[in-house]
Every structure is written in C-alpha cells, then in structure tokens.
Amino acid sequence: TRATIGVTGLATMGRNLARNIARHGHTVAVHNRTTSRMTSLVEQFGDEGDFVGAETIEDFVAAIEQPRAIIVMVKAGAPTDAVIDELVPLLDEGDILVDAGNAHFADTLRREKALSDKGIHFVGMGVSGGEEGALNGPSIMVGGSDHAYERLQPVVDSIAAQVDGTPCAAHLGPDAAGHFVKMVHNGIEYADMQLIAESFDLLRSVLGLEPSEIADVFREWNEGDLESFLIEMTADVLAHTDASTGKPFVDVVGDAAEQKGTGRWTVQSALDLGVPVTGIAEATFARSLSGHTSQRAAVRETFSDLADLDPSTQRQVDRDAFVDDVRAALYASKIVAYAQGFDQLAAGSKEHGWDLDLGEVATIWRGGCIIRARFLDRIKEAYAAEPDLETLLTAPWFADAIGEGVQAWRRVVAVSAERGVPAPAFASSLAYFDGLRRDRLPAALIQALRDNFGAHTYTRVDRDGSFHTDWAGDRSESSAS
Ligand code: NDP
C-alpha cells in the first residue's frame, strides 16, 4: 500500500508526529538521514499503526500517494533547505511539501516563492506543544494554498488536540501565515512565563512565602480565570523537592534563562511592524539580563551597602490581600501581553495579506500548545462579538477585568519598586495601559524637539497640516505641507 503522507526527520518531534499520524489510522512513510532512527521507530512502535519505512529519499518519495504530501521535520535553518533541495527534484507538480519545523517566517516566504514557481505547494506548518504535543495532539497552524490544505486536512485534523470537539488546527492563510502565528504564539509564551515568574518572586520576596506555599497559591489561582497549563505546571514545579539536597527544586536551578530565539524573532518583527509588544519584549530582555552573570555580580557588589527605603515609609502589606493583588496584576498584565500579541498578528496579516482570523487563532490555541488556557475562550468570544476589535483591552470581559484589577495592579508595581523586587513585565504592562488611556501624551514634546533639532515638522491640535517653527531664527511658524 502507498502511504497517505510521509515524514522525514525522525528526531524527537518527527518521530512523535509520525506515531501520532499512524495511531490515527493513516499509513505513514518514514525516513531519516541517519537510517537507524527510522528502523528503531518501526521496530519499537510498528504495532501502533501502518508505517512504511524507507532507507533512501527516493524510496520514501515513491512510497507516497499522489499528489504527495511530505512533512519535513528537521533542524530549522540550513538543514531544512538542504532537505528541500534533495526532495524537490523527486517531486511532481501539485505535490505538497510541508515544513513543520520552527522556521523563521521570512524563510517560509522565501521557500514558498521559490517552490511555487515549480508548481510545488510549500506549506509552513507551526506545530506547538513540544514533544508531548507532537505525540498526543499539538496545536497546528497551517499556512499554504487551498489545494495543499485540502490534501492535508484529514491528517492534520485527526492528529491535532481537540477542544469541545473542535480540532486545534486551522488553515490560517497563504505561505508564511502559520509560521508567523506560531512565532507570535511563542512570544506570548515568553510573556506568560515572565509574568508568572515575577508573581513568584514578589510572593516570595515581599511575603516571605516558601515555594511550596506559593505552589498552593498557584493551585488556587488555577481554579479561577487564570486557569492554564502554565499556571498548573508552575504549581507542580514549585511543589517539587530536589532529591539530592532536599531543597525546593526551584532553588537549585541556575537562574540564567535561555532562549532558542522565537521571542527575539517576535520582538524584531514587532519593531519592523511598529507594534509595541512591550510584554514580550520585557520578557525577552529579562531572559537576556538573567544571563549576564558577571555584570550581575559586579552591580551586586558595587551596591551591596545600598540602603533600603525607610521601612516606615513603605506601604505595608497583608498576606491575603497582597496575594490577591498579585493575582489581579498578573491577570491584567496577561491581558496586555495578549492584546499586544494579537495586535502584532493583525499588523503582520495586513502587511503580508494573510487575512488572519484572530478568533480562529485563539480557538486553535485552546489545546495542545503551551499557552493553552481558559483565557483563550474569552479572546475567541471577543473576536466573535466584534471581528474588528480595536484592541482586546476594550472587549467587555477584559475591560471589566482590568477595571476591577487596576488598583491592585498599581499597588503591586508600587510595592515592587519600593522593595527593589524587579517586575519589568508588570510595570511596563501597566505603563502601556496608562499610555493608551492618557488624554495627552508627552509625545507632543518629542515632536517639538524633533522639529527643533531636525526640522521634522509637527501637526497641531487646532489646525490641519504640518508645520515647522524657525527655531534658530525669529520663531515664526510656517506651513510645511
Ligand atoms: P532537531 O531540531 O534536533 O533536528 C534533528 C533532525 O534533523 C534529525 O532527524 C536530523 O537527522 C535532521 N537533520 C539535521 N540536519 C540535517 C540535514 N542536513 N539533512 C537531513 N537531515 C538533517 O529535532 P527536533 O525533533 O527537536 O525538532 C525538529 C524541528 O521541530 C525543529 O525545526 C524544531 O525547531 C521544531 N520544533 C521542536 C520542538 C521541540 O519541542 N523540540 C517544538 C516545536 C517545533 P539525523 O538523525 O540524520 O541527524
């Protein structure tokens, strides 16, 4: 029998994806550059479904039903190009080549353009949920042609996570739409994790709670609107004791956060698009800061005698009230981070002509992926009620949540500043919110300065047009347009 689909690249992700496909009753051709990965997959898991093992790339391609559908799941970057170059001469017009790795969306745009000239349908498929998701149901974000999606949909829908009977998979748009959405998903994941980490630090540093007590707090939060995979996992991790030392596990882990780059990509793209994704940016920079260990040591040393703010002038905190304030600050900051991420999706969609359905994006993030949360139902509902929503901040549910939480949010940011406990994502999210709601921004002064030193002109609140003041001369104003 011919295979319905093929998977090449059988490391952790490809192997699990192939097993997931086979478990759902599809015959899957499997191939890997190093053949042993393929043979061990078939030996170990061959009884889970129908695998067609291929030792050569030619046998692999020949084993798949036409028009062929081939998933490439290899290391992102040059290895992906190498595999594509190897496959293309063996393919026919109308065949579908899927890159399911973590490609930068610009690479996907480039590859799609090159292959569409050859009649090959190139698909950028974002797969979220890590190793476990690939096996048991990821969230799948697909970009490509309608022809490609028609061919892929039966497989994709069956292997994706399911929430309320809806697969967490969708054809989001052409070419790089799926990889772009996956990138922003990862950026939001950075922000989510940073906000959780700041909450933990504040509860511990301000209230002196032990990690196990904070685990209980997170467990309780997981019963409410914050319910999510990451909050649940945080409770689990904070309750974990290190076997070799008997200390809380979180205390024996090195405190320099690493990154593979998707947060950085998100921020770079946001800068290009002019979208202020302050939450994701703070989260990405906080990871960088944590890794500057020698700078941290130098500053710690120089300021080791720094006096604290006189305790009598600090705001006093009550345990239960502060826990609840941190919860509200976390929720409000999270709304901001998602609002910004969805703004970036809208801007990317406009720039590249993807016509993204933002409600659909929220829908397919509800299961399978790392940021899955009750929260996403609210986003889905917000876009269903108002597809052209200006910002998530003004959707009724979120506006109410911010309105109720804003005092707590201010108190938490004030406490963090007074006690020297850094909460960059909390603080900048609050500043973002206050920035948007302000009647007049000091951007007016910036425009005046720009006109002064560079004749960059300014607009006026009382008249149309752009203007310039002769700052060096008689300070007369001229119309610049
Ligand atoms: P790796 O990223 O570690 O890549 C290893 C695979 O790539 C192996 O199959 C390897 O073959 C193959 N490979 C590398 N270079 C070449 C080449 N020049 N020619 C042919 N094959 C090559 O594997 P993962 O399973 O971790 O990830 C696969 C993809 O999925 C990546 O793009 C990753 O970013 C993405 N991803 C990973 C997630 C995760 O949680 N790990 C989550 C979501 C996406 P060989 O065995 O012969 O060395």
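For clarity, every value in this text was computed on a predicted model and none was experimentally measured. (Residues numbered from 1 in each chain as written. Predicted model: local features only at pLDDT ≥ 70, side-chain atom pairs only at ≥ 80, totals over all residues. Heavy atoms only, no water.)

**Focus: the sheet that holds strand β4 (residues 69-72)**
Adjacent strands of a sheet form backbone hydrogen bonds with each other and so pair up, either parallel or antiparallel.
Part 1: If you walk across this open sheet you meet the eight strands as β3-β2-β1-β4-β5-β6-β7-β10, and the pairing is mixed. At either end of the open sheet lies a strand with only one pairing partner, and these are β3 (51-53) and β10 (169-173). Averaged over all pairs of adjacent strands, the angle between strand axes in this sheet comes to 25°, irrespective of strand direction.
Part 2: Bridge analysis of strand β6 (residues 121-128) against strand β7 (residues 139-143) gives five bridges, and the strand direction is antiparallel. (Pairing = 2+ DSSP bridges. Helix = DSSP H or I, 4+ residues; strand = E, 2+ residues; numbered from the N terminus. Axes fitted to C-alpha atoms, helices over the stretch in contact; angles between N-to-C directions.)

**Considerations on the site of the ligand**
Part 1: Of all residues adjacent to the ligand, which total 19 residues, the nearest are M13, N32, T34, R37 and V74.
Part 2: Here V74 contributes a backbone N or O atom positioned 3.0 Å from an oxygen atom of the ligand.
Part 3: Contact between the ligand and K75: an oxygen atom at 3.2 Å from a main-chain N or O atom of the residue.
Part 4: Relative to its free-state accessible area of 900 Å², the ligand is covered by the protein chains to the extent of 79%.
Part 5: Those elements that place two or more of their residues in the shell around the ligand are α1 (12-23) and α4 (78-87).
Part 6: Grouping the constituent residues of the shell around the ligand by class yields nine nonpolar, seven polar and three charged. (Near = heavy atom within 4 Å. Polar contact = N/O pair within 3.5 Å; in protein donor to acceptor, adjacent residues only side chain to side chain. Areas by Shrake-Rupley, 256 points an atom, 1.4 Å probe, with all protein chains shown as cover. Nonpolar A, V, L, I, M, F, W, Y, C, P; charged D, E, K, R; others polar.)

**Points about the state of the cysteines**
Part 1: A complete count under the given rule lists zero disulfides for this structure.
Part 2: C168 takes part in no disulfide bond, and the closest cysteine sulfur, belonging to C369, lies 7.2 Å away.
Part 3: Looking at C168, the relative accessible area reads 0%, which means it is buried. (Disulfide = S-S within 2.5 Å. Buried < 20%, exposed > 50% of the residue type's maximum accessible area, 1.4 Å probe, protein only.)

**A short note on the pattern of salt bridges**
Part 1: By the definition in use, this model includes 26 salt bridges.
Part 2: One network of salt bridges, in which partners are shared, links D81, D99, D107, R110 and R111. (Salt bridge = Lys/Arg side-chain N within 4 Å of Asp/Glu carboxyl O.)

**Concerning a negative patch on the surface**
Part 1: There is a patch of like negative charges on the surface, built from E55, E58, D59, D85 and E86.
Part 2: Those elements that place two or more of their residues in the negative patch are α3 (57-62) and α4. (Patch = residues over 30% accessible without salt bridge, like charges linked within 9 Å, V, L, I, M, F, W, Y side chains within 5 Å. Lys, Arg positive; Asp, Glu negative; His and termini not counted. Charge placed at Lys NZ, Arg CZ, Asp CG, Glu CD.)

**Looking at the UniProt feature "domain: 6-phosphogluconate dehydrogenase C-terminal" (unreviewed entry) in the protein chain**
Part 1: According to UniProt, the feature "domain: 6-phosphogluconate dehydrogenase C-terminal" (unreviewed entry) maps to residues 178-472 in the numbering used here.
Part 2: End C-alpha to end C-alpha, residues 178-472 measures 52 Å, and it is 66% helix and 2% strand. (UniProt positions renumbered as here; feature names shortened; annotations may be inferred.)

**Remarks on the environment of L90**
Part 1: Locating L90 in the fold gives a position in the loop between α4 and β5 (96-99).
Part 2: Placed 32 residues apart in sequence, L90 and E58 show a C-alpha to C-alpha distance of 7.1 Å.
Part 3: With near-sequence residues (within four places) excluded, L90 lies in contact with I57, E58, V61 and R68. (Contact = heavy atoms within 4.5 Å.)

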